[in-house]
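Summary of the model geometry
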Amino acid sequence: MPVKIQSDLPARKILQQENIFVMTDERAMTQDIRPLKLAIVNLMPTKIATETQLLRLLSNTPLQVEISLVRMEHHVSKNTGEEHLEKFYIGSEELFKHNYDGMIITGAPVEQMPFEQVDYWQDLTKIMDYARKNVYCTLYICWGAQAGLYHHYGIQKQLLSKKLFGVFSNTRKTQADPLLRGFDDVFPIPQSRHTTIKYGDVASHDDLVILAQSLESGVSIVKSKDNRSVFITGHLEYDTNTLADEYWRDKGKNLPIDIPVHYFPDDNPEEQPCSSWRSTAHLFYSNWLNYYVYQETPYNFAQ
């Protein structure tokens, strides 16, 4: 899928080096089609890395996608320069002026805090409420998934005794849902979190469907029955080395951290890890864009 982005977004150079087709505003104007409009609410501290990871996965089908990167209106980023945010991101007030075919709300390293104590919680809840009426399908990732399930359904996250960290096997709970079309019966998802949601808390809601779960890491993929919301508790967008980078970062800070499970060869962090989830990630995002966004949204989606 040609992803329409600003020509000087840092992710563009990386993706072009990988032979991934990205489209500038100038090129997109020559095509007489309506692109899918997609908003990415990027809550991760490593914003440029997350931009690149998600754009890589959104580039894998024949449709044109126009990306809007969204920042929290009243939050000061500690890890990304203000110049980058001002140049490439819009605030929530600008977001609310438009309708979107799809939205992605990322994870954030704030899961050990109560939701209401996160300094941008009020901004985020406004975005989630807006999305229910103005976006055809919203994909919530990791802490974003926990935040969405809490805000919309009152499902509280549960603190784990230690960080859930590694690559975990998941079993599909349905054979028919388009989101998992082409998936193997068992498939991997990277996880990196200190909290979880209980199976029973999700299963008790008539408006939710559990699509996949793991015996080790718990509920992994959930959707609303109206197909307007998808929740994934892990990080299919992660690069091969993302978990390794997190591991060595925490080791360097003398933080308590175990070796990520099912990741390094022979559990040896000195060895180069291999991705076992890349094909699953591409299939998941292609299915989401095709069946939950493109197939559902009309040509003229103004409301």
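Scroll up to find the structure.
A brief look at the structure comes next. (Residues numbered from 1 in each chain as written. Predicted model: local features only at pLDDT ≥ 70, side-chain atom pairs only at ≥ 80, totals over all residues. Heavy atoms only, no water.)

Quick word on the overall build of the chain
Across its full length, the chain holds ten helices and twelve strands. Considering only contacts within the chain whose residues lie at least 6 apart along the sequence, 72% involve residues at least 24 apart. Accessible surface, the chain: about 14000 Å² in total, of which carbon and sulfur atoms supply 48%. (Helix = DSSP H or I, 4+ residues; strand = E, 2+ residues; numbered from the N terminus. Contact = heavy atoms within 4.5 Å. Areas by Shrake-Rupley, 256 points an atom, 1.4 Å probe, with all protein chains shown as cover.)

Section: the packing of aromatic side chains
As enumerated under the stated definition, the model contains 15 aromatic pairs in all. Where Phe115 meets Trp143, the ring centres are 5.9 Å apart and the plane angle is 40 degrees; that geometry is what we call tilted. A residue pair is termed long-range when its members are at least 10 positions apart, and Phe115 in the loop between β6 (100–105) and α6 (121–134) and Trp143 in helix α7 (residues 143–153) qualify at 28 residues. The ring centre of Phe115 lies 4.2 Å from the NZ or CZ of Lys157, which sits over that ring. It is Arg181 that lies over the ring of Tyr291; its NZ or CZ is 4.6 Å from the centre. (Phe/Tyr/Trp six-rings, centres within 6.5 Å; stacked < 30°, edge-to-face > 60°. Lys NZ or Arg CZ within 6 Å of the ring centre and 35° of its normal.)

Considering the packing of helix α3 (residues 47–57) against helix α10 (residues 278–294)
One way to put it is that α3 packs onto α10 with a least axis distance of 9 Å and a crossing angle of 70 degrees. In this view, α3 runs roughly perpendicular relative to α10, as classed from their interaxial angle. Across from Leu54, Arg56 and Leu57 in α3, the residues of α10 making contact are Ala281, His282 and Tyr285. Here the residues of the contact of α3 with α10 are counted per class, giving four nonpolar, one polar and one charged. (Axes fitted to C-alpha atoms, helices over the stretch in contact; angles between N-to-C directions. Parallel < 35°, antiparallel > 145°, perpendicular 65-115°, else oblique. Nonpolar A, V, L, I, M, F, W, Y, C, P; charged D, E, K, R; others polar.)

A short note on the pattern of salt bridges
Throughout the structure, instances matching the rule amount to nine salt bridges. When the shortest N-O distance is used, the salt bridge between Asp239 and Arg56 registers 2.7 Å. You can see Asp239 sitting in the loop between β12 (229–232) and α9 (242–252) and its partner Arg56 sitting in helix α3, a full 183 residues away along the chain. On the basis of relative accessibility, which here comes to 15%, the residue Arg56 falls in the buried class. One salt bridge connects Lys162 with Asp258, and the closest N-O pair in it is separated by 3.1 Å. On the criterion of sequence distance, the pair formed by Lys162 in strand β8 (residues 158–172) and Asp258 in the loop between α9 and α10 is long-range, its members being 96 residues apart. Residue classification places Lys162 among the exposed residues on the basis of a relative accessible area of 54%. Of the residues examined, Asp258 reaches a relative accessible area of 44% and is grouped as partly exposed. (Salt bridge = Lys/Arg side-chain N within 4 Å of Asp/Glu carboxyl O. Buried < 20%, exposed > 50% of the residue type's maximum accessible area, 1.4 Å probe, protein only.)

With respect to the layout of surface pockets
What the largest pocket holds in volume is close to 970 Å³. Taken together, 35 residues line the largest pocket, and the ones lying closest to its centre are Pro109, Lys163, Ser192, Glu246 and Arg249. Per-element tally for the lining of the largest pocket: the top contributor is α9, with five residues. Grouping the amino acids of the lining of the largest pocket by side-chain chemistry returns 14 nonpolar, eleven polar and ten charged. (1 Å grid on protein atoms, 1.4 Å probe; cavity = no way out; pocket = protein on both sides within 12 Å on 5 of 7 lines; lining within 4 Å. Points joined across faces, edges and corners; volume = space filled by probe spheres on them.)

Notes on the packing of α6 against α7
Packed helix pairs are specified by the crossing angle of their axes together with the interaxial distance, meaning the distance between the axes. It is the contact of α6 with α7, at a shortest axis distance of 11 Å, that shows an interaxial angle of 75 degrees. The angle between α6 and α7 places the two elements in the roughly perpendicular class. Contacts between α6 and α7 involve Trp121, Leu124, Thr125, Met128, Asp129 and Arg132 from the former and Trp143, Ala147, Gly148, Tyr150, His151 and His152 from the latter.

Considering the nonpolar core
In terms of nonpolar packing, the biggest core is built from 47 residues, with Leu58, Ile104, Leu139, Ile221, Phe284, Tyr285 and Trp288 touching the most fellow members. A per-element tally of this core places α10 first, with seven residues. One finds Val110, Val118, Tyr120 and Tyr140 within the second-largest nonpolar core, a separate group that totals 36 residues. (Core = buried A, V, L, I, M, F, W, Y, C linked by side-chain atoms within 4.5 Å.)

Some words on the environment of Thr50
Mapped onto the secondary structure, Thr50 falls in helix α3. A relative accessible area of 3% places Thr50 in the buried class. For Thr50, the contacting residues outside a window of four places in its chain are Asn42, Met44 and Thr106.

Describing the pairing of strand β11 (residues 218–224)
A regular strand places its side chains on the two faces of the sheet in alternate fashion. Here β11 lies mainly inside the structure; six of its seven residues are buried. By the bridge criterion, six bridges tie strand β10 (residues 208–214) to β11 in an arrangement that is antiparallel. Residue pairing across strands places Leu208 opposite Ser224, the latter belonging to β11. Counting the residues in the hairpin turn of β10 and β11 gives three residues. Relative to β12, β11 is paired through three bridges, and the arrangement is antiparallel. Bridged to Val222 within β12 is Phe231. (Pairing = 2+ DSSP bridges.)

Any functional reading would require information beyond the geometric quantities listed.
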